[in-house]
Amino acid sequence: VSADDARGRELEGLRPALLRIARLHLRNDAWAEDVVSEALLVAVEKAADFEGRSAQKTWVVGILKHKIIDSFRAHRREVPLDDPDDGLEDAVFQSDGHYREWPVEWVTPETSLAQRQFLETLDVCVNELPSAQGRIFLMREWLDLSTAEICKELAITTTNAGVLLHRARLRLRECLQLRWFQQSP
Amino acid sequence: MKIWPNLSCRDAAHLITENLDRPLSFAERGALRLHLAICSACPIVIRQMQQIRDGIRAWRDANES
């Protein structure tokens, strides 16, 4: 078995993990398959240069993130930005602007088991965000893009981006309150 | 959003989340500070929003490595 074959197989083994990440961001299976294949191609081509530097997966994920942003740019006219979630604030706040349910302090999970379970809950909650909110939220918080960069990539206004980010954060807060903090030990 | 004479928690929530994405203006900072001085709910929400951000970072790192 040549070194190239072994390397190729090792990279191919990353495909499921990469697909998970790409699907989270793009929320479109076909686009996700495309970016993962592109990222793996680049990785195979450049594998010889990479040899032995940082962790391989981290390196390939770095390539994937660039491909994800390229994909947003290429598909920006097809990325739906309509958000069905416009009743959210009325569900969270009374008509006088007070919280319907008084916020309670969240206790950060301490043990590594609790921490892992918390991250699983967070995963569920991010996946449950309406797609326009989920995309933009992860561009901001996972890909570390600024609002200005997000607006440029998706060709949307600052106001539009602000509304979606606000709703995403409110909705995540509601989801975590319900699914984690209400029943955590 | 009206920031004068005082914010509701609903208005404050906008400033709290927007502050995660951009620096607030002088007027916005002042209005938020005034609100936080008399509200016991919103400081909790500020900490929760930070906990969400920290959680997302940890979740991202777990997925990327």
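Quick look at the structure, then. Note that this is a predicted model, so its numbers are computed, not measured. (Residues numbered from 1 in each chain as written. Chains lettered and ligands numbered in written order. Predicted model: local features only at pLDDT ≥ 70, side-chain atom pairs only at ≥ 80, totals over all residues. Heavy atoms only, no water.)

## Re the overall build of chain B
Alright, step 1. Assigned secondary structure in chain B consists of three helices and zero strands.
Alright, step 2. Secondary structure of chain B in N-to-C order comes out as α-α-α.
Alright, step 3. Its C-alpha radius of gyration of 14 Å places chain B more than 25% over the 11 Å reference for a compact globule of 65 residues.
Alright, step 4. Overall, chain B is about 50 × 25 × 15 Å in size when its C-alpha atoms are taken along their principal axes.
Alright, step 5. Counting over 65 residues, chain B shows a buried share of 51%.
Alright, step 6. By sequence separation, contacts in chain B at least 24 residues apart represent 50% of the contacts at least 6 residues apart.
Alright, step 7. Within the structure as shown, chain B displays about 3,300 Å² of accessible surface, and the carbon and sulfur contribution to it stands at 60%.
Alright, step 8. Here chain B holds 9 positive side-chain charges and 7 negative ones, and the gap between their average locations is 7 Å. (Helix = DSSP H or I, 4+ residues; strand = E, 2+ residues; numbered from the N terminus. Rg over C-alpha atoms; globule rule 2.2 N^0.38 Å. Buried < 20%, exposed > 50% of the residue type's maximum accessible area, 1.4 Å probe, protein only. Contact = heavy atoms within 4.5 Å. Areas by Shrake-Rupley, 256 points an atom, 1.4 Å probe, with all protein chains shown as cover. Lys, Arg positive; Asp, Glu negative; His and termini not counted. Charge placed at Lys NZ, Arg CZ, Asp CG, Glu CD.)

## A look at helix H2 (residues 15-26) of chain A
Alright, step 1. Between its first and last C-alpha atoms H2(A) spans 16 Å; for twelve residues at 1.5 Å apiece the expected length is 16 Å, and the two agree.
Alright, step 2. Among all positions in H2(A), only A:Leu18, A:Leu19, A:Ile21, A:Ala22, A:Leu24, A:His25 and A:Leu26 are buried.
Alright, step 3. For H2(A), the secondary structure elements touched by its buried residues are helix H3 (29-50), helix H4 (56-74), helix H6 (112-128) and helix H7 (131-141) of chain A together with helix H3 (42-64) of chain B.
Alright, step 4. Phi turns positive, to about 55°, at A:Arg27, one or two residues after H2(A). (Expected span 1.5 Å × (residues − 1).)

## Things to note about the interface of chain B and chain A
Alright, step 1. Taken residue by residue, the interface counts 29 residues in chain B and 41 residues in chain A.
Alright, step 2. Between chain B and chain A, a total of about 3,300 Å² is buried, with carbon and sulfur atoms accounting for 57% of that surface.
Alright, step 3. Sorting the residues of chain B by area buried against chain A places B:Arg10, B:Trp59 and B:Glu64 first, and these three jointly supply 23% of that buried surface.
Alright, step 4. Our count for the chain B to chain A interface comes out at nine salt bridges.
Alright, step 5. One salt bridge connects A:Asp90 with B:Arg10, and the closest N-O pair in it is separated by 2.9 Å.
Alright, step 6. For the pair chain B and chain A, the number of links is 23 residue pairs in polar contact (both at pLDDT 80 or more).
Alright, step 7. Where the side of chain B that touches chain A is concerned, the elements lending two or more residues are helix H1 (9-18) and H3 of chain B.
Alright, step 8. The element best represented in the side of chain B that touches chain A is H3(B), accounting for 18 residues. (Buried area = accessible area lost by both parts, 1.4 Å probe. Salt bridge = Lys/Arg side-chain N within 4 Å of Asp/Glu carboxyl O. Polar contact = N/O pair within 3.5 Å; in protein donor to acceptor, adjacent residues only side chain to side chain.)

## So, unusual backbone geometry
All names here are of chain A.
Alright, step 1. Phi angles above zero are rare outside glycine, and arginine 27 is one such case at about 55°.
Alright, step 2. Relative to the helices and strands, arginine 27 is located in the loop between H2 and H3.
Alright, step 3. The partly exposed category is assigned to arginine 27, whose relative accessible area is 22%.
Alright, step 4. With phi around 60°, aspartate 144 is a residue other than glycine that occupies positive phi space.
Alright, step 5. With respect to the helices and strands, aspartate 144 occurs in the loop between H7 and helix H8 (147-154).
Alright, step 6. Overall, the relative accessible area of 43% leaves aspartate 144 in the partly exposed class.

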